[in-house]
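Structure assessment
If you want the building blocks of each chain, they are given just below.
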Amino acid sequence: AGLERRIRMLSDSGGVASVANHTAEGQCRLEGDTWAITYDGATIRLRDARGVRYLAQLLRHPNHEFHATELVAVVDGDGDGAATEGLRVAAGLGDAGPKLDRQAQGAYRERVVDLREMLADAERGHDLGTAARIRAEIDALESELVGAARGKRSASHGERARVAVTKGLKIALEKIATAHPGLGAHLRVAIRRGYFCSYAPDPGRPITWHA
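Analysis parameters
- Residues numbered from 1 in each chain as written.
- Predicted model: local features only at pLDDT ≥ 70, side-chain atom pairs only at ≥ 80, totals over all residues.
- Heavy atoms only, no water.
- Axes fitted to C-alpha atoms, helices over the stretch in contact; angles between N-to-C directions.
- Helix = DSSP H or I, 4+ residues; strand = E, 2+ residues; numbered from the N terminus.
- Parallel < 35°, antiparallel > 145°, perpendicular 65-115°, else oblique.
- Contact = heavy atoms within 4.5 Å.
- Nonpolar A, V, L, I, M, F, W, Y, C, P; charged D, E, K, R; others polar.
- Polar contact = N/O pair within 3.5 Å; in protein donor to acceptor, adjacent residues only side chain to side chain.
- Core = buried A, V, L, I, M, F, W, Y, C linked by side-chain atoms within 4.5 Å.
- Buried < 20%, exposed > 50% of the residue type's maximum accessible area, 1.4 Å probe, protein only.
- Arc of directions from axis to C-beta.
- Phe/Tyr/Trp six-rings, centres within 6.5 Å; stacked < 30°, edge-to-face > 60°.
- Pairing = 2+ DSSP bridges.
- Salt bridge = Lys/Arg side-chain N within 4 Å of Asp/Glu carboxyl O.

Below, the discussion takes up the packing of helix α2 (residues 50-60) against helix α6 (residues 157-179). Each pair of packed helices can be summarised by the angle the axes make with each other and by the distance between the axes. At a closest axis distance of 7 Å, the pairing of α2 and α6 adopts a crossing angle of 90°. Classified by the angle between their axes, α2 and α6 sit roughly perpendicular to one another. Residues Gly51, Val52, Tyr54, Leu55 and Leu58 of α2 pack against Ala164, Val165, Gly168, Leu169, Ala172, Leu173 and Ile176 of α6. Of the residues contributing to the contact of α2 with α6, the split by class is 10 nonpolar, 2 polar and no charged.

Our focus in this paragraph is the side chain of His180. The topology assignment puts His180 in the loop between α6 and α7 (181-190). A polar side-chain atom of His180 sits 2.9 Å from the main-chain carbonyl oxygen of Tyr39. Apart from the residues lying within four places of it in its own chain, the contact partners of His180 are Tyr39, Ala42 and Ile44.

Attention now moves to the nonpolar core. Side chains that are nonpolar tend, in soluble globular proteins, to be buried together. Residues Ile37, Leu187, Tyr199 and Trp209 are the most contacted members of the largest nonpolar core, which totals 32 residues. Elements supplying a minimum of two residues to this core: β2 (34-39), β3 (42-47), α2, α3 (68-78), α6, α7, β6 (196-199) and β7 (207-210). When residues of this core are assigned to their parent elements, the largest contribution, 7 residues, is made by α6. Residues contacting Tyr199, with those up to four places away along its chain left out, are Leu58, Leu59, Pro62, Asn63, His186, Leu187, Ala190, Ile191, Ile207 and Trp209. Listed in part, the 13 residues of the second largest apolar core include Val112, Leu141, Tyr195 and Phe196.

With that settled, consider α7. Considered for burial, the residues of α7 that qualify are Leu183, Gly184, His186, Leu187 and Ala190. Buried residues of α7, seen end-on, are gathered within an arc of 165° and therefore sit on one face of the element. Exposed side chains of α7 directed beyond 90 degrees from the buried face belong to Pro181, Arg188 and Val189.

Turning our eyes to something else, we now look at the packing of aromatic side chains. Aromatic ring pairs are reported here in terms of the distance separating the ring centres and the angle at which the planes meet. A full pass over the atoms with the stated rule returns 2 aromatic pairs. With centroids separated by 5.4 Å and ring planes inclined at 85°, the aromatic side chains of Tyr108 and Tyr195 adopt a geometry described as edge-to-face. Taken together, the positions of Tyr108 in helix α4 (residues 102-124) and Tyr195 in the loop between β5 (191-192) and β6 put the pair 87 residues apart, joining distant regions of the chain. Given the relative accessible area of 6%, Tyr108 is considered buried. For Tyr195, a relative accessible area of 4% translates into the label buried.

Across a regular strand the side chains alternate sides, sitting on one face of the sheet and then on the other. With 4 bridges joining them, strand β1 (residues 24-31) and β7 adopt parallel strand pairing. Directly across from Gln27, in β7, lies its bridge partner His210. Connecting β1 to the next strand, β2, in antiparallel fashion are 2 residues, including Gly32 with a positive phi near 70°.

For the structure on display, the rule yields 10 salt bridges. One continuous salt-bridge network, built from bridges that share partners, spans Glu65, Arg111, Glu137 and Arg192.

Spelled out as structure tokens, the structure:
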């Protein structure tokens, strides 16, 4: 968040050098039951799988954060069901222990800190719409943390989604790294996994992905 603020400040003051004139292009397309992924002039093909579908969704929306539950819902709704069979994450599946484990609580707290910094930026810029959205997310996360502190128990909808998405992306990235080391290296630093997932490529080396 601090780096993002610094970049925006430099950009507003004209201090950031212009991005390279040429924007690289990539392709991630489902062809039957196989994904064709092209990057840096080379194409690899991977069998259709949940993790590749998660990855494709992130590539289509660079710098957009998806909560794991949101990512699962989007992917489940896009396909014919074959690649996501058994994955659907539903609430109300019974008591699965503490609502948020320590790892989840830590991730939520870190997210709240980031959101508060983003909120301060939005308020300084008088961006009321963004500020309202950020406040709503902060309230939702803090509500979850309060519930965890009180010992609430649930089927852990978010935890099931986090595990499913993290595992799926990990498998997909490992296969890509083996088949295309250059793309694997790019995605290793650009893909964020966990409760919040995103694809954040280096702004100095922009790339546009086509479906």
